[in-house]
Amino acid sequence: MESPFKNDVLKGKVALLTGGGSGIGYEISEQFGKHGASVAIMGRRKDVLDAAVSVLGALGIRAIGLQGDVRKQEDAARVVESTIKQFGRLDILVNAAAGNFLTASEDLSPNGFRTVMDIDSVGTFTMCHEALKYLKKGAPGREDSLSGGSILNISATLHYTASWYQIHVSAAKAAVDSITRNLALEWGTDYDIKVNGIAPGPIGDTTGMRKLAPDEMASLARESMPLYKLGEKWDIAMASIYLASDAGKYVNGTTLVVDGGLWLSRPRIIPREAVRSLSRVVERKSRAAPVGVPKSKL
């Protein structure tokens, strides 16, 4: 699909993306690059990073791959410093690295729970912490900018209500949303940094969908969720451009839900065609029933 944004809306910007070598993270990397940004992508697998950088380069995008684990502070610091060394500045940090798998709560080990918390929530904070000195207003490489940089945390909607077999991710993403709000307050006030989030719904052609909604489950989901439909990685990338660009310059501390309204959906109790006739029947019964008058106890 054609982007609604001008192709230079991120011109001159430098973005560092964790989990930027595949899935939603890669799509954001590519779209950032197509809209003028230079991109550094961080991930644990060198082969994935190399392949992603090769494709980005073929598209004419300035890109580097930096191997590292967001759970390790020394990796986070090294990747941030390498980004500065290569591009001279940092304008946008996107925290897209995440871990997930389906499991019933009683089958989830504390170590498994901790692993997802470490990647999603601790990793998000660690990257923000290490990037702060280059994102703040007037930071090295940003002396020409009139404002601070931007942080974008990829979240989810799982914790808005409750989700089957996702207690670990629900807890981790709730923490990510809290990190987003608190940093938006503190760093927005002190350093003029925007901190926002995006909560994707089910996105087609991603590892997450293959893990969490295989074909056998997807067909059942479509039957029980009237609003169910898959989004595209492009949808998340466009929301990211909005929040990271000047188009979203007055948006701070918000987690933008991009799921087609899916998290609001509930199974339909009765068919739509039956609602009108049933409503009339209920209304007639209500009018015919005697109005109760409270009895005095005096």
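Our structure's up above, just so we're on the same page.
What this report covers is the structure whose coordinates are included nearby. Residue positions are given per chain, counted from 1 along the sequence in the order it is written. Under the rules for a predicted model, residues below a pLDDT of 70 receive no local features and side-chain atom pairs below 80 are neither given nor counted, while totals for whole chains, interfaces and linings still include all residues. Excluded from the side-chain calculation are hydrogens and water; included are all heavy atoms of the structure.

1. Some remarks on the pairing of strand β2 (residues 38-43)
A large share of β2 lies buried, amounting to six of its six residues. The rule is simple: take the accessible area with a 1.4 Å probe, protein chains only, and divide by the maximum for that residue type; under 20% is buried, over 50% is exposed, in between is partly exposed. Here a strand is any run of E in DSSP of at least two residues, a helix any run of H or I of at least four, and the numbering for each starts at the N terminus. Because side chains alternate across β2, one face comprises the buried residues S38, A40 and M42, and the other comprises V39, I41 and G43, equally buried. With helix α1 (residues 23-34) bridging strand β1 (residues 14-18) and the parallel β2, this β-α-β connection has right-handed handedness. Strand pairing is defined by DSSP finding a minimum of two bridges between the two strands. As paired strands, β2 and strand β3 (residues 63-67) are joined by five bridges and run parallel to one another. If you view a crossover with the strands going away from you and the path from the first strand over the helix to the second runs clockwise, you call it right-handed.

2. Focus on the side chain of H168
As for its placement among the helices and strands, H168 is situated in helix α5 (residues 167-191). A polar contact of 2.9 Å, which involves the side chain of H168, links it to the backbone oxygen of F101. In contact with H168, not counting residues within four places along its chain, are N100, F101, T103, L108, F113, V116 and M117. Pairs of N or O atoms are called polar contacts if they sit within 3.5 Å, as long as, within protein, a hydrogen donor faces a hydrogen acceptor (for residues adjacent in sequence, only side-chain-to-side-chain pairs). Residues count as neighbours in contact if any of their non-hydrogen atoms are within 4.5 Å of one another.

3. Notes on helix α8 (residues 233-244)
The periodicity of an α-helix, 3.6 residues per turn, causes residues three or four positions apart to be oriented the same way. One less than the number of residues in a helix, times 1.5 Å, gives the span that helix is expected to have. For α8, with 12 residues, the first-to-last C-alpha span of 17 Å sits near the 16 Å given by 1.5 Å per residue. Along α8, the residues that are buried comprise K233, W234, I236, A237, M238, A239, S240, I241, L243 and A244.

4. Here we look at the pattern of salt bridges
Within this document, salt bridges are pairs made up of a side-chain nitrogen of Lys or Arg and a carboxyl oxygen of Asp or Glu, the two lying within 4 Å of each other. Evaluated as defined, the whole model comprises nine salt bridges. With its nearest N and O atoms 3.2 Å apart, the salt bridge here joins R89 to D144. Placement of R89 in the loop between α3 (73-87) and β4 (92-95) and of D144 in the loop between α4 (110-135) and β5 (150-154) is noted, with a sequence separation of 55 residues between them. Here D144 falls in the exposed class, since its relative accessible area comes to 61%. For D120, the salt bridge is made with K173, and the minimal N-O distance between the two is 3.1 Å. In this pair, D120 is assigned in helix α4 and K173 in helix α5, connecting sequence segments 53 residues apart.

5. Notes on α5
Taking 1.5 Å of rise per residue, 25 residues should cover 36 Å, and α5 covers 34 Å from first to last C-alpha, within 8% of that figure. Residue L183 marks the point of greatest curvature in α5, where the axis turns by about 25°. Along α5, the residues classified as buried are H168, V169, S170, A172, K173, V176, D177, I179, T180, L183, A184 and W187. Residues of α5 that are buried sit in contact with α4, β5, β6 (194-200) and β7 (255-258). Just beyond α5, the residue with positive phi is D192, at close to 60°. Two axes enter the definition of the bend at a residue: one is fitted to the seven residues ending there, the other to the seven starting there, and the bend is the angle between them.

6. Considerations on the packing of α1 against helix α2 (residues 46-58)
To get an axis, a line is fitted to the C-alpha atoms, and for a helix only the part in contact is used. The angle between two axes follows their N-to-C directions and goes from 0 to 180 degrees. Look at α1 against α2: their axes get within 10 Å of each other, and the N-to-C directions meet at 25°. Comparing their axes, α2 and α1 come out roughly parallel. Between α1 and α2 lies a crossing whose hand is right-handed. Facing α1, whose interface residues are Y26, S29 and E30, α2 presents A52, V55 and L56. When residues are sorted by character, Ala, Val, Leu, Ile, Met, Phe, Trp, Tyr, Cys and Pro go into the nonpolar class, Asp, Glu, Lys and Arg into the charged class, and all the rest, Gly among them, into the polar class. Across the contact of α1 with α2, the residue classes break down as four nonpolar, one polar and one charged. Put simply, angles under 35 degrees are roughly parallel, angles over 145 are roughly antiparallel, angles from 65 to 115 are roughly perpendicular, and the rest are oblique. The crossing is said to be left-handed when, going from far helix to near helix, the turn is anticlockwise and less than a right angle, and right-handed when the turn is clockwise.

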